[in-house]
Amino acid sequence: MEFEVIAKCKTTKARVSRMKLAHGVTMLPTFMPVATQAAIKGLTSQQMESLGVTLILNNTYHLNLRPGLDVLKTAGGAHRFQGWNRNLLTDSGGFQLVSLSKFTTITEEGALFASPFTGEPTMLTPEESISIQHTIGADIIMQLDDVVSSLTTGPRVEEAMERSVRWLDRCIAQHNKSGKKDSQNLFAIVQGGLNPHLRDRCLDMMVARKDGVAGYAIGGLSGGEEKGDIKQCADKLPDERPRYSMGIGFAEDLLVCVALGVDMADCVFPTRTARFGVALTHSGPLNLRLSKHTKDFGPIDDSCPCPTCKDKVSRAILHHTITHETAAAHAITMHNVVFQAQVMGRAREAIIAGTFPDYLQTFFAQYFGKAGYPEWCVNALRSVGVDLLEGNPNQKVIPGTGAKWEYSDNPAL
Amino acid sequence: MAMTASTSSVSFSLSNWGPVSTTRSKIFGPRLGSLILHRHPQESDLDLSLPSTSREIRLETPTFLTSTSRGVVPHLSRDNVKRCESIRWVNVPFESFMESNPPVPTIHPGPDPLHKFLGFNQSQQIISMSARNPCDGRQLPPNGKDTVSVWTLQGVRKLTPSDWQKYATKCQPDVVFALSDTPFTDPPYSQKRMTKSIERSAQWLARLLSSPTIPLPSVILHLAGLSSSPARRAFSNSLLEPLYGPELEAVAHMGIKNLDEGVVGYSVDLVPIRMTIEAEGRKIASTNNTATPSALTPMFNQTRHLAVPLHTAQIIPLVHSSLSSLPPFKLRLINGIESPHEVLRYISKVGIDVFDAGWAQKCASIGVALDFEFPVITRKDVGEVGRLQIGCNLYDEAYQMDFRALSSSFLCQCPTCVPVSTPEGEEIKHGVDSEEYTRTTAIPTHPSTAVLSEVKGYTRAYIHHLLHTHEMSAHTLLTMHNLETLDRFFRGIRGLLTQLENSQKNEVASSLWDDEVSRFTLTYDELASFEVLETARGMWKDVDIKRGKGRLSKEKNEGEND
Ligand SMILES: [Zn+2]
Ligand SMILES: [Zn+2]
């Protein structure tokens with residue numbers, strides 16, 4: 001990996017960098033669409049490429065089940081298998097193992113679970129997770145970590161944190177001896193859902209292993225308030241390594257993370273919500289299932305460069321076809337993928353132009369309108385010197401993650 | 001036969017070879033033709049400067065039309081439709097738009113509302129509009145004296161001939177199918193019902209042609225009469241009767257003397273005919289208390305999950321009785337085809353020019369990649385390995401490790417088999433991602449350039465994987481491939497006919513055609529092919545139940561939580 005920070009925001013911790021991997025350059029900060037099963041919902045790899053996406057995510061747990069490693073090996077890796085010629089990232093499979101498998105037990109050796117095929121007890125060790133990811137062949141791979149729910153308290157949290165560091169060492173060792181270091185890059189995972197003291201220790205230990213890792217992921221965040229902890233991580237992580245915040249996908253959250261110094265994020269939300277008829281726009285999400293769109297011949301967003309809006313696909317025809325025709329989901333998926341990329345692209349432009357704080361103000365004002373700003377966003381941005389309410393003093397502040405959008409299903413609305 | 005006073009007109013002409021003479025065998029045999037759509041520039045047309053060829057679409061026949069559902073080609077977003085050169089004629093069943101009143105396309109602002117609303121390119125695609133999905137055989141309440149029952153998601157709607165004229169003129173498709181009084185109640189139908197059916201169908205055609213306030217698109221007429229040869233003959237004859245008095249006045253603007261002169265071509269919907277033949281068979285069997293006589297043609301499953309034989313042998317003479325009195329040089333179209341074998345039969349025995357592609361698209365929806373060629377050239381070896389099927393059920397575990405291209409007989413050029421990457425630099429730019437920023441000074445020759453040049457087609461193994469993980473992309477890739485395979489099949493048919501036409505000896509030519517058809521039939525086992533489709537449909541259902549609908553609603557709930 002070649003990683004170079006090319007611009008920094010003078011107010012916030014935001015930065016623009018260039019990350020060169022084996023399948024080309026990806027400019028950061030960026031959002032990564034999730035192709036869980038080696039496909040972005042209904043789209044072809046050529047379509048994704050045409051949207052200006054240069055980095056997507058595959059899930060190791062899923063690919064290991066299907067098509068399986070034999071198939072991927074014979075295909076020559078996941079890139080060739082899915083016809084994707086740009087950059088690819090895989091997770092370790094550990095998170096899904098814990099959340100999707102009922103019988104997972106963590107031991108020092110690894111994660112013990114019931115094989116979904118045979119029911120036999122099966123062990124996923126850190127070494128094996130890395131070697132599975134080597135077979136998949138993604139440009140960025142993740143360490144196996146000992147994931148605990150953010151609701152967990154007590155000694156188990158500390159145990160998991162310390163084990164994750166030990167597992168990182170085993171992952172680094174496995175990666176170093178594989179001969180794949182030139183084409184694949186290992187990221188460490190900092191546990192975000194910890195108390196500040198533990199998180200600090202975790203960061204110290206992980207930063208000490210900097211030479212063995214190409215970048216850092218921040219994991220274990222789910223609720224809105226916890227995302228504030230990203231600041232502590234980003235502040236402490238070395239400048240010369242990319243920082244990846246796992247599972248972040250709402251536009252407002254993305255921009256706050258960027259302001260805190262995050263370079264990459266992923267989430268299934270933009271592609272999943274598309275299938276239920278929700279198009280994301282700079283003026284907030286739009287539920288195309290609502291009957292108010294029946295006779296609306298305008299596109300989702302006049303100024304959007306996506307194939308759907310450029311072709312002037314109307315809200316009316318999307319309303320007529322969504323949930324009945326897969327093609328409608330494809331059209332909205334393309335739009336949402338482009339929307340996410342635009343949000344991040346505009347952030348990069350603003351950072352370079354030195355206007356990132358203004359961009360945050362404009363984005364939030366247009367996106368939320370009078371709906372109110374999420375409290376966590378306001379607080380997190382204050383911590384890096386941007387006061388969203390400064391230019392908009394009458395704006396409401398909504399506790400927690402914020403506004404409720406028109407995600408409603410009721411077609412009568 | 002071009003119709004005047006319309007913003008577009010369709011004309012059809014036959015090539016020299018074929019049924020120019022009057023003998024019966026020549027009227028009904030393979031033929032080559034061309035269908036030309038000419039868009040007349042309007043005063044409001046901003047593109048008056050365009051060369052005239054860009055206002056013309058030319059389709060060589062025999063060819064096919066692509067089916068749509070709710071106005072879209074299933075599984076293809078518009079950018080993918082543009083990637084498919086095989087999509088040149090789309091048919092739009094209008095009934096789904098009758099869920100709102102007035103139907104939404106009829107209030108679309110600006111010229112060419114239907115093209116614009118559905119996003120088809122006027123210089124690339126011909127759009128036809130039919131009231132109903134011609135392949136839908138579901139039961140419906142009876143049609144009325146002045147209404148056709150149509151199917152919408154919100155239940156049955158009634159469509160009147162005058163509304164149909166209004167919708168056709170407002171939507172401005174290139175072709176409109178006249179309303180037909182085809183019953184979908186409970187076949188078989190009485191003679192009285194058939195008499196009513198042909199009378200109404202003729203009246204409704206007259207209504208469609210009469211004094212529209214806006215020019216009417218070119219009209220294709222469904223040949224009424226179902227399984228009754230006398231009714232079919234009577235219907236055709238009624239079209240040829242000279243019009244008098246007010247009836248003549250009503251169509252005076254068209255300069256026509258009978259109803260037939262008002263239409264550019266004829267269509268036959270196979271589904272209701274098959275259902276009627278089937279019902280008649282059951283009736284005879286029950287009165288004679290014997291088993292149903294075995295069908296001469298294969299069994300297949302319709303989308304409505306009814307097993308109905310193709311009944312091709314019975315239907316061909318019925319189509320003959322419709323066509324024999326009508327001018328032989330008009331366009332002939334068939335809806336409800338189920339296999340390439342059936343296409344060849346209708347070309348050989350009737351001389352059909354246009355076939356619907358619904359079956360090939362349905363194959364894509366159930367995981368079948370079509371794989372056949374005509375004439376059979378590369379797979380002449382099959383005698384030794386056993387007969388082939390017309391497609392692969394990619395659900396089958398046999399494809400798990402099969403990294404071959406979808407087509408075994410030729411290098412398919414479809415966007416699935418030969419994916420075309422966006423030229424570098426032409427992807428959508430989002431900010432600070434132009435070459436100015438992405439260019440790096442270090443190590444100019446990185447392995448990535450080598451990787452980038454290795455764009456290969458999607459494999460059977462990949463689509464097998466997508467099918468089993470219930471990924472929609474499987475059906476997108478299969479639709480693009482199946483339509484191209486079908487296009488190639490028709491190119492092969494036209495190529496052979498052109499070759500034979502040039503040979504100038506009709507007897508030799510006709511036997512060479514028959515030889516190639518039987519070679520195709522011997523190479524590709526039709527019955528076994530239907531079994532492949534049947535198995536695929538079963539596996540599609542299993543995966544859909546396991547990972548489809550149920551999973552979707554689960555995700556929906558999750559989605560609401562986040
Ligand atoms: Zn868009
Ligand atoms: Zn193909």
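Reading the values: the criteria
- As a convention, each chain's residues are numbered from 1 in the sequence order in which they are written.
- Written order determines the labels here, with chains lettered from A and ligands numbered from 1.
- In view of the model being predicted, local features appear only for residues whose pLDDT reaches at least 70, and side-chain atom pairs are presented and counted only at 80 or more, with totals across whole chains, interfaces and linings using the full set of residues.
- As a convention, hydrogens and water are excluded, and side-chain values are obtained from all of the structure's heavy atoms.
- Numbering goes from the N terminus for both helices and strands, where a helix is a DSSP run of H or I of at least four residues and a strand is a run of E of at least two.
- To sort residues, take the accessible area from a 1.4 Å probe on protein chains only and compare it with the maximum for the residue type: under 20% means buried, over 50% means exposed, and anything in between is partly exposed.
- Contacts are residue-level and defined by heavy atoms, with any inter-residue pair within 4.5 Å sufficient.
- In short, Shrake-Rupley with a 1.4 Å probe defines the accessible areas, and a residue's cover is counted only from the protein chains shown.
- Note: metal donors comprise N, O and S atoms at 2.8 Å or less from the metal (3.2 Å for Na, K and Ca); water molecules are not included, so apparent gaps in a site are possible.
- When four donors show all angles between 85 and 135 degrees the site is tetrahedral, when four or six donors have opposite pairs over 155 degrees and all other angles between 65 and 115 it is square planar or octahedral respectively, and in every other case it is irregular.
- Note that a disulfide, as used here, is simply two cysteine sulfur atoms within 2.5 Å.
- Helix span is expected to be 1.5 Å times the residue number reduced by one.
- Nonpolar core, defined: a set of buried Ala, Val, Leu, Ile, Met, Phe, Trp, Tyr and Cys residues in which side-chain atoms within 4.5 Å join the residues together.
- How far each domain reaches was decided by an automatic or database domain assignment.
- Each axis is a line fitted through C-alpha atoms, and for a helix only the stretch in contact is used; angles between axes span 0 to 180 degrees, taken between their N-to-C directions.
- Angular relationships are summarised with four words: roughly parallel below 35 degrees, roughly antiparallel beyond 145, roughly perpendicular across 65 to 115, and oblique for the angles in between.
- For any pair of crossing helices, the crossing counts as left-handed if the nearer helix is rotated counterclockwise from the farther one by less than a right angle, and right-handed if it is rotated clockwise.
- Ten residues, namely Ala, Val, Leu, Ile, Met, Phe, Trp, Tyr, Cys and Pro, are considered nonpolar, four, namely Asp, Glu, Lys and Arg, are considered charged, and the remaining ones, Gly among them, are considered polar.
- UniProt positions are given in the numbering used here, feature names are shortened, and annotations may be inferred rather than shown by experiment.
- Counting of polar contacts relies on pairs of N or O atoms within 3.5 Å, with two restrictions inside protein: one atom must be capable of donating a hydrogen and the other of accepting it, and residues adjacent in sequence are counted only when both atoms are side-chain atoms.

Of the regular secondary structure elements, chain B holds 18 helices and 17 strands. Out of the 562 residues in chain B, the part that is buried amounts to 57%. Relative to all contacts within chain B whose residues are 6 or more apart in sequence, the contacts with residues 24 or more apart total 74%. Roughly 23,300 Å² of accessible area belongs to chain B as shown, and the carbon and sulfur atoms make up 55% of that amount.

As a further point, take the coordination of the zinc ion (ligand 2). Distances from the zinc ion (ligand 2) to its protein donors, B:Cys412 (SG), B:Cys414 (SG), B:Cys417 (SG) and B:His481 (ND1), fall at 2.1 to 2.3 Å. Taken together, the four donor atoms coordinating the zinc ion (ligand 2) and their angles of 102 to 120° define a geometry best described as tetrahedral.

Joining two cysteines, a disulfide is a covalent bond between their sulfur atoms. Residue and element names in this part refer to chain A. Applying the stated rule across the entire model yields zero disulfides over all chains. The thiol of Cys202 is unpaired, and the distance to the nearest cysteine sulfur, on Cys233, comes to 7.7 Å. For Cys202, a relative accessible area of 0% corresponds to the buried category.

Moving on, we get to helix H8 (residues 196-207) of chain A. Spanning twelve residues, H8(A) covers 16 Å between terminal C-alpha atoms, matching the ideal 16 Å at 1.5 Å per step. Along its buried surface, H8(A) packs onto helix H7 (155-176), strand E11 (185-191), strand E12 (215-219) and helix H9 (230-236) of chain A.

A word on the nonpolar core. In terms of nonpolar packing, the biggest core is built from 242 residues, with A:Phe356, A:Phe364, B:Trp164, B:Tyr346, B:Phe489, B:Ile493 and B:Trp513 touching the most fellow members. Two domains each put at least three residues into this core: domain 1 (94-356) and domain 2 (368-418 + 453-561) of chain B. Counting 17 residues, the second-largest nonpolar core is a separate cluster that includes A:Met19, A:Leu57, A:Ala214 and A:Ala217.

Turning our attention to unusual backbone geometry. All names here are of chain B. The omega torsion of the bond from Asn101 to Pro102 falls at 0°, within 30 degrees of zero and hence cis. In this structure, Pro102 sits in the loop between strand E5 (89-93) and helix H3 (113-118). Look at the link from Pro187 to Pro188: it is a cis peptide, with omega at 0°. You can see Pro188 is positioned in the loop between strand E9 (175-177) and helix H5 (191-209). Within the chain, Val432 stands out as a residue other than glycine whose phi angle is a positive 50°.

Time to look at the packing of helix H10 (residues 251-260) of chain A against helix H14 (residues 326-353) of chain A. Residue and element names in this part refer to chain A. One way to put it is that H10 packs onto H14 with a least axis distance of 11 Å and a crossing angle of 30°. Taken together, the axis directions place H10 and H14 in an arrangement best described as roughly parallel. The handedness of the crossing between H10 and H14 comes out as right-handed. Facing Ala251, Leu254, Leu255 and Val258 of H10, the residues of H14 in contact are Phe339, Gln340, Val343, Met344, Ala347 and Ile351. Here the residues of the contact of H10 with H14 sort into nine nonpolar, one polar and no charged.

Turning to the UniProt feature "active site" (unreviewed entry) in chain A, a few remarks are in order. Residues and elements named next belong to chain A. With numbering aligned to this structure, UniProt lists the feature "active site" (unreviewed entry) at Asp91 and Asp266. Considering the C-alpha atoms alone, the annotated residues occupy 176 residues of sequence yet fold into one spot, their largest mutual distance being 10.9 Å. If we skip the residues at most four places from it in the chain, Asp91 touches Asn58, Asn59, Thr60, Tyr61, Gln96, Gln133 and Met142. At 2.8 Å, the side chain of Asp91 and the side chain of Asn59 are in polar contact. In this view, Asp266 contacts Phe31, Met32, Val34, Leu57, Tyr244, Ser245, Met246, Gly247 and Ile248; residues no more than four positions away in its chain are not counted. In this structure the side chain of Asp266 is engaged in a polar contact, spanning 2.8 Å, whose partner is the side chain of Tyr244.

All names here are of chain A. Distances from the zinc ion (ligand 1) to its protein donors, Cys304 (SG), Cys306 (SG), Cys309 (SG) and His335 (ND1), fall within 2.0 to 2.3 Å. Coordination at the zinc ion (ligand 1) is tetrahedral, judged from the four donor atoms that bind it and the angles of 104 to 118° they form at the metal. Taken in sequence order, the residues that donate to the zinc ion (ligand 1) follow the motif C-x1-C-x2-C-x25-H. Cys304 sits in the buried class, given a relative accessible area of 8%. Classification of Cys306 by relative accessible area gives buried; the value is 0%.

This part takes up the packing of H7(A) against H8(A). All names here are of chain A. It is at 10 Å that the axes of H7 and H8 come closest, and there the two elements cross at 5°. The orientation of H7 with respect to H8, classified from their angle, is roughly parallel. Residue-level contacts link Val157, Glu158, Met161, Glu162, Ser164, Val165 and Leu168 of H7 to Leu198, Arg201, Cys202, Met205 and Met206 of H8. Residues of the contact of H7 with H8, tallied by class, amount to eight nonpolar, one polar and three charged.

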